[in-house]
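Notes for the structure review
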Amino acid sequence: MKSLKDKNKIALYGFIVIIIAVCVWAVVTKPEPQKKAADDTNKEETMDYMSNTIVEERNGRKIWEITADSIKMNTKTQQAEMENIHGKYYGENDGEQVLTLTAPHGTYSDSTKDIVLDNGVHVQGNQGLVFDAQKLVWDDENQLLTGQGNVKIVKDNMQAQADQVESSNSFLQFKLSGNAHIVEGSTAQ
């Protein structure tokens, strides 16, 4: 039979082995510092607005105004993502065509003042124009509106369809491209 002294030594060695095992386990399984999730980083870089309006003026004349149910502005890139959009584009002269538009989604660049509306855009003009497209782009530098994808324009007794349309004067005049087709007369309705 082993003496009490031998039993104490075995217990001490066992205890030391357990302590060493716990230390090794603690070092090996040390949790890494928690990294910020992409969502957290994005939240820090964005400002969220509800039911807000963005307006662009030039030489004291309002060019356009966009109201959205939700606007998320990235403070670093100055890009805004908009949801459920209602807006107006104003022609160059008072009383000229005013376009009222709606779109479910869009983006706005504060640095370039360009706007892209997508996911189905509907436009109505105060002079009888109705315009539908998948996407509408406002190029501020060139003062150009471009409709893209399943473009359909109806005005008076004219109906036009194309892949793309461009206008620099509120669609009083426009240029169609890609599978363009125009119907005039009573069959255009």
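What comes next is a walk through the structure. (Residues numbered from 1 in each chain as written. Predicted model: local features only at pLDDT ≥ 70, side-chain atom pairs only at ≥ 80, totals over all residues. Heavy atoms only, no water.)

1. Considerations on the nonpolar core
- Trp-64, Met-82, Leu-117, Phe-131, Leu-136, Ile-153 and Phe-171 are the most contacted members of the largest nonpolar core, which totals 33 residues.
- At six residues, the largest contribution of residues to this core is made by strand S2 (residues 61–74).
- Ignoring anything within four residues of it in the chain, the contact list for Trp-64 reads Ile-54, Val-55, Glu-56, Lys-88, Tyr-89, Tyr-90, Tyr-108, Lys-113, Ile-115, Trp-138 and Asp-140. (Core = buried A, V, L, I, M, F, W, Y, C linked by side-chain atoms within 4.5 Å. Buried < 20%, exposed > 50% of the residue type's maximum accessible area, 1.4 Å probe, protein only. Helix = DSSP H or I, 4+ residues; strand = E, 2+ residues; numbered from the N terminus. Contact = heavy atoms within 4.5 Å.)

2. Some details on the pairing of strand S10 (residues 158–167)
- In this structure, strand S9 (residues 144–155) lies alongside S10, joined through nine bridges in antiparallel fashion. For Gln-148, the partnering residue across the bridge sits in S10 and is Gln-164.
- Adjacent in sequence and paired antiparallel, S9 and S10 are bridged by two residues, among which Asp-156 carries a positive phi angle near 50°.
- Pairing analysis gives four bridges linking S10 to strand S12 (residues 181–184), with the strands arranged antiparallel. Bridging across to S12, Gln-161 finds its partner in His-181. (Pairing = 2+ DSSP bridges.)

3. Thoughts on the pairing of S9
- As judged from the three bridges shared by strand S7 (residues 130–133) and S9, these two strands associate in the antiparallel manner. What sits directly across from Phe-131, in S9, is Ile-153.
- Inspection of the sheet shows strand S8 (residues 135–139) paired to S9 by five bridges, in the antiparallel sense. The residue of S9 that forms the bridge with Leu-136 is Gly-147.

4. Remarks on the pattern of salt bridges
- Scanning the entire structure with this criterion turns up five salt bridges.
- With a closest N to O distance of 3.3 Å, Lys-76 and Glu-45 form a salt bridge. With Lys-76 in the loop between S2 and strand S3 (79–90) and Glu-45 in helix H2 (residues 38–45), this residue pair connects regions lying 31 residues apart in the sequence.
- Relative accessible area serves as the criterion here: at 18%, Glu-45 is assigned to the buried category. (Salt bridge = Lys/Arg side-chain N within 4 Å of Asp/Glu carboxyl O.)

5. Quick notes on the environment of Glu-92
- Following the sequence through the fold, Glu-92 ends up in the loop between S3 and strand S4 (98–109).
- Along the chain, Glu-92 and Arg-61 lie 31 residues apart, while their C-alpha atoms are 8.4 Å from each other.

6. A closer look at the environment of Ala-68
- Tracing the backbone shows Ala-68 in strand S2.
- Between the C-alpha atoms of Ala-68 and His-86, which are 18 residues apart in sequence, the distance is 6.3 Å.
- In contact with Ala-68, not counting residues within four places along its chain, are Met-50, Ser-51, Asn-52, Met-82, Glu-83, Asn-84 and Ile-85.

The quantities given are spatial measurements derived from coordinates; they are silent on function.
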